[in-house]
Structures are given as C-alpha cells and as structure tokens.
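Breakdown of the fold
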Amino acid sequence: MINDKVDLEIRRYKLTVEMEGLTPIEINSLAQLVSEKMKEIEKDSNVVDSYKLALLTALELAGEVTRLKTQLENQRLLEDRKLDEMIVALQNGLEPR
C-alpha cells in the first residue's frame, strides 16, 4: 500500500504526516479523535499548556489502547479455552465405547 502524505491541523498546529497502512481518510479521522480528546481533557483538567495537554492526551489514548489490548487478549484466551473444551468433547464423543 502506498502511503500518502496528509496535511493536518490540530489545535492550530499544522503538520504533514504519513502513516503506514492508513488511508488519508483514516488519518484525518485519527486527527479528529486526538483533537476531540484534547478538548475534553482541557475542559476537565483546566490545563492550557499545549505541550502538557498533548502529553495528557497521549497518556489517555495509550491507556485506552492498553485496556482494549487486554480485553482482546482475555477474549482470545476465553475462546481458546472454549475451543479446547469443544475438542475434548468431540474426541470423547468419537471414542468407541
């Protein structure tokens, strides 16, 4: 996949980014998410320093990613366990009596 460079503006900061595996529409959507999260954190914390706000936003988003990864891993483990139980049940059902 060819990576397009995308011009963005988040909180009056203009930048050009290129993200592997993402389309320009997806990159713009992520920028919108970051912008909205920054506004939310600014409102809740009264932090006005852009640098601190960016760090708090990065930490918040990293926390969300970590929680989602944990949920996904737990779901995979549960599915693996259920699959193992089904295999054992099938093997027991196929054994001659």
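To keep things clear, this report deals only with the structure shown in the data block.

Conventions adopted
- Residues numbered from 1 in each chain as written.
- Predicted model: local features only at pLDDT ≥ 70, side-chain atom pairs only at ≥ 80, totals over all residues.
- Heavy atoms only, no water.
- Helix = DSSP H or I, 4+ residues; strand = E, 2+ residues; numbered from the N terminus.
- Contact = heavy atoms within 4.5 Å.
- Buried < 20%, exposed > 50% of the residue type's maximum accessible area, 1.4 Å probe, protein only.
- Pairing = 2+ DSSP bridges.
- Salt bridge = Lys/Arg side-chain N within 4 Å of Asp/Glu carboxyl O.
- Core = buried A, V, L, I, M, F, W, Y, C linked by side-chain atoms within 4.5 Å.

**A look at the side chain of threonine 57**
- Positionally, threonine 57 belongs in helix H2 (residues 50–94).
- Non-local contacts of threonine 57, meaning those with residues more than four positions away in its chain, are made with Val34, Lys37, Met38 and Ile41.

**Let's talk about the pairing of strand S1 (residues 6–10)**
- Only one face of S1 is covered, namely the face carrying Val6, Leu8 and Ile10; the face carrying Asp7 and Glu9 is uncovered.
- The sheet contact formed by S1 and strand S2 (residues 13–17) spans 5 bridges and is antiparallel. Residue valine 6 lies in a different strand from S2, and its bridge partner there is valine 17.
- Where S1 folds back on S2, the antiparallel hairpin that results is connected by 2 residues, among which arginine 11 adopts a positive phi of roughly 50°.

**Things to note about the side chain of lysine 37**
- Locating lysine 37 in the fold gives a position in helix H1 (residues 24–45).
- Contact partners of lysine 37, with chain neighbours within four places excluded, come to Thr57, Glu60, Leu61 and Glu64.

**Quick word on the pattern of salt bridges**
- Summed over the entire model, instances satisfying the criterion amount to 3 salt bridges.
- Here glutamate 64 makes a salt bridge to lysine 37, at a shortest N to O gap of 2.8 Å. You can see glutamate 64 sitting in helix H2 and its partner lysine 37 sitting in helix H1, a full 27 residues away along the chain.
- Here lysine 37 falls in the buried class, since its relative accessible area comes to 11%.
- Three or more residues are tied together by salt bridges with common partners; here these are Lys37, Glu40 and Glu64.

**Focus: the nonpolar core**
- Formed by Val6, Leu8, Ile10, Val17, Ile27, Ala31, Met38, Ile41, Val47 and Leu53, the largest nonpolar core amounts to 10 residues.
- Elements that contribute at least two residues to this core include exactly S1 and H1.
- For this core, the leading source of residues is H1, giving 4 residues.
- When neighbours within four sequence positions are excluded, isoleucine 27 is seen to be in contact with Val6, Leu8, Val17, Met19 and Leu22.

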